[in-house]
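Structural description and commentary
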Amino acid sequence: PALAAAYNSCDTSGDGRIEKKEFLFFFHYLVYYNNLWSLFSTIDEDGDRRLTRDEFVNAAKVIDLKKKDPNKIFAIIDTDKSGMVLFEDVCNYLATNRSSIGLNDEDIKMYTN
């Protein structure tokens, strides 16, 4: 999942290929999404590649969600109201909300300066 997410994120032209100008971003995104996948797969207690509300809320106790209500965040991420969220859904939420989850210290400095 991390490889596909990285590939899709750096293909800014949407042509299905990574061009030379996009190539460096690919490595950055690959590390970022691999970090997120490691976190996601740890949270996914039953290994079904989906997070239930309970799995998400339990993980929120460990993850810094900036004191936001994990139930409200889950409701936002669960756009189809299935009671489950996928890796892609979580990544989209984190990217949209400029979360530092999954970034290393150097990345945080780069994005906040």
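The following paragraphs examine the structure supplied in this document. (Residues numbered from 1 in each chain as written. Predicted model: local features only at pLDDT ≥ 70, side-chain atom pairs only at ≥ 80, totals over all residues. Heavy atoms only, no water.)

Description of the overall build of the chain
For the chain, the helix and strand inventory stands at six helices and two strands. For the chain, the sequential pattern of α-helices and β-strands runs α-α-β-α-α-β-α-α. Out of the 113 residues belonging to the chain, those deemed buried represent 35%. Summed over its atoms, the accessible surface of the chain is roughly 7600 Å², and 55% of this surface lies on carbon and sulfur atoms. (Helix = DSSP H or I, 4+ residues; strand = E, 2+ residues; numbered from the N terminus. Buried < 20%, exposed > 50% of the residue type's maximum accessible area, 1.4 Å probe, protein only. Areas by Shrake-Rupley, 256 points an atom, 1.4 Å probe, with all protein chains shown as cover.)

Considerations on the packing of helix H3 (residues 53–60) against helix H4 (residues 70–77)
Packed helix pairs are characterised by how far apart their axes lie and by the angle those axes make with each other. Taken N-terminus to C-terminus, the directions of H3 and H4 make an angle of 135 degrees; their axes are 9 Å apart at the nearest point. In terms of orientation, H3 lies oblique with respect to H4. For the element pair H3 and H4, the recorded crossing hand is right-handed. Residue-level inspection shows Arg53, Phe56, Val57 and Ala60 of H3 in contact with H4, the latter providing Pro70, Asn71, Ile73, Phe74, Ala75 and Ile77. Grouping the amino acids of the contact of H3 with H4 by side-chain chemistry returns eight nonpolar, one polar and one charged. (Axes fitted to C-alpha atoms, helices over the stretch in contact; angles between N-to-C directions. Parallel < 35°, antiparallel > 145°, perpendicular 65-115°, else oblique. Left-handed = near helix turned anticlockwise from the far one by under 90°. Contact = heavy atoms within 4.5 Å. Nonpolar A, V, L, I, M, F, W, Y, C, P; charged D, E, K, R; others polar.)

Let's talk about helix H1 (residues 2–10)
The set of residues buried in H1 consists of Ala2, Ala5, Ala6 and Cys10. Each buried residue of H1 lies within a common arc of 120 degrees when the element is viewed along its axis, so the set occupies one face. Seen from the buried face of H1, the exposed residues on the opposite side, beyond 90 degrees, are Leu3 and Asn8. Buried-residue contacts for H1 involve helix H2 (20–43) and helix H5 (87–96). (Arc of directions from axis to C-beta.)

Re the packing of aromatic side chains
By the definition in use, this model includes eight aromatic pairs. When the ring of Phe26 is compared with that of Phe27, the centres are 5.7 Å apart and the planes differ by 65 degrees; the resulting orientation is edge-to-face. For the ring pair Tyr32 and Tyr33, a centre distance of 5.1 Å and an interplane angle of 65 degrees mean the geometry is edge-to-face. With relative accessibility at 9%, the residue Tyr32 sits in the buried group. Grouped by ring-pair contacts, the aromatic residues Phe23, Phe26 and Phe27 constitute a single cluster. (Phe/Tyr/Trp six-rings, centres within 6.5 Å; stacked < 30°, edge-to-face > 60°.)

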